[in-house]
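For reference, the chains in residue letters:
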Amino acid sequence: MFDWDDLRVFLAAARTGSLAGAGERLRVDAATVGRRVARLESALKSTLVIRSPAGLQLTAAGAQLLEIALDAETAMLAAAHVARPDVVAGTVRISTAEGFGTAVLAPALPRLVELYPGLKVELAANASFLSASRREVDMTVTLSAPDTTRLIVEALAPYQLALYASREYLARAGAPRSIAALPDFQIVGYVEDLIFAPELRYLDEILPGLKPTMASSSIQAQRAMVLAGGGIGVLPAFMSEDLVRVLDSVMLERRLWLSTHRDVHDTARMRAVRRWLRDLAQGAEARLMAA
């Protein structure tokens, strides 16, 4: 029989993909994580992870144990709240689209924790997404609806994108009179081979073959380039402050999707955060749409 706490350490290592990442999450050193995982492998007489330059890779046995560990974690969380099922407390980790997470969600989070003092919120507002189905996070806000029975998925809000530039750039370069004229201007966009979702292929949707002069995998970095006079870029309407809209005929629409793992969907903390997120999106409707 193995030590159940070693299963918790293995779960952290599998989620973070590294001993150091797991150690940081568990507040122990990487060597301790390595020893605990090795002890679990010895007890189970099976190799669970393979170390590589890219991080930890799960073996077939490790992937199978991960599913079991996730179920065990869910059961333990349910047991911890059995006496007080309606108390909104504990940690909720949210992975969001970078732009929405930094421009809309992050500034509003202090109000959420004021409403629920027992709640702790961890926000991963990355250029790519962590997985709710693997319980890397409890909840995700994504650009497309995940296709898995492990998650309960709901539409959160539509939002619009348009072309924007700084006043300084337009004063220097002028404004395009048509979509066909865009190649004559400096364009800001995504790095082609780092686009992680088809919903981000904005430039081809506006004008097939349109390429950026400056590019970044981060929408925040793209906004900074546009704001500094670097050119014309496609930005969500909620990130257009202090910028000027270019070519009013160009309008793209996308939708944000809210997903939670089926096993924790109905916990008090998840219900409270989902309700708050829906209210936040509804209240931000004017910002989400291009003027």
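If you're wondering where the values come from, they're calculated on a predicted model, not measured in any experiment.

**Student:** Hey, could you run me through the overall build of the protein chain in this one?
**Tutor:** Across its full length, the protein chain holds ten helices and eleven strands. The principal-axis extents of the C-alpha atoms in the protein chain amount to approximately 70 × 45 × 30 Å. In the protein chain, which comprises 291 residues, the proportion classed as buried is 48%. At a minimum sequence separation of 6, the contacts of the protein chain that also span at least 24 residues come to 74%.

**Student:** Looking at this model, I keep getting lost on helix 5 (residues 98-115). Mind explaining?
**Tutor:** One turn of the α-helix equals 3.6 residues, which is why residues spaced by three or four share an orientation. Helix length check: helix 5 (18 residues) gives 24 Å between terminal C-alpha atoms against 26 Å at 1.5 Å per residue, within 8%. For helix 5, the principal kink sits at L105 and spans about 50°; a proline, P107, occurs within the next four residues. For helix 5, the set of buried residues is E98, G99, F100, G101, A103, V104, L105, A108, L109 and L112.

**Student:** Sorry if this is basic, but what is going on with the pairing of strand 4 (residues 119-126) here?
**Tutor:** Walk down a regular strand and you will see the side chains alternate between the two sheet faces. Alignment of strand 3 (residues 90-97) against strand 4, held across eight bridges, turns out to be parallel. Each bridged residue has a counterpart across the sheet, and for I94 the counterpart in strand 4 is L123. Crossover connection from strand 3 via helix 5 to parallel strand 4: handedness right-handed.

**Student:** Where do I start with the packing of helix 2 (residues 19-26) against helix 3 (residues 30-44) in this structure?
**Tutor:** The description of two packed helices rests on the angle between their axes and on the distance between the axes. Direction vectors running N to C along helix 2 and helix 3 enclose 105°, while the axes themselves pass 8 Å from each other. Taken together, the axes of helix 2 and helix 3 are roughly perpendicular relative to one another. Two secondary-structure elements touch here, helix 2 through L19, A20, A22 and G23 and helix 3 through A30, V33 and G34. Grouping the constituent residues of the contact of helix 2 with helix 3 by class yields five nonpolar, two polar and no charged.

**Student:** Would you take a moment to explain the packing of aromatic side chains for this structure?
**Tutor:** For any two aromatic rings, the description comes down to two numbers: the centre-to-centre distance and the angle of the planes. Counted under the stated rule, the structure contains three aromatic pairs. Ring centres of Y159 and F238 lie 5.8 Å apart, and the angle between their planes is 55°; this geometry places the pair in the tilted category. Pair noted here: Y159 is in strand 6 (residues 151-165) and F238 is in the loop between strand 9 (232-236) and strand 10 (244-246), with a separation of 79 residues, a long-range link. A relative accessible area of 8% places F238 in the buried class. Taking 6.0 Å as the distance between ring centres and 55° as the angle between the ring planes, the aromatic pair formed by Y190 and Y202 counts as tilted. Of this pair, Y190 sits in the loop between strand 7 (187-189) and helix 7 (202-206) while Y202 is found in helix 7, placing the two residues twelve residues apart along the sequence. Every member of this aromatic cluster is reached through a ring pair, and the members are F100, Y159 and F238.

Calculation notes
- Residues numbered from 1 in each chain as written.
- Predicted model: local features only at pLDDT ≥ 70, side-chain atom pairs only at ≥ 80, totals over all residues.
- Heavy atoms only, no water.
- Helix = DSSP H or I, 4+ residues; strand = E, 2+ residues; numbered from the N terminus.
- Buried < 20%, exposed > 50% of the residue type's maximum accessible area, 1.4 Å probe, protein only.
- Contact = heavy atoms within 4.5 Å.
- Expected span 1.5 Å × (residues − 1).
- Bend = angle between axes of the 7 residues up to and from the residue.
- Pairing = 2+ DSSP bridges.
- Right-handed = clockwise from strand over helix to strand, strands pointing away.
- Axes fitted to C-alpha atoms, helices over the stretch in contact; angles between N-to-C directions.
- Parallel < 35°, antiparallel > 145°, perpendicular 65-115°, else oblique.
- Nonpolar A, V, L, I, M, F, W, Y, C, P; charged D, E, K, R; others polar.
- Phe/Tyr/Trp six-rings, centres within 6.5 Å; stacked < 30°, edge-to-face > 60°.

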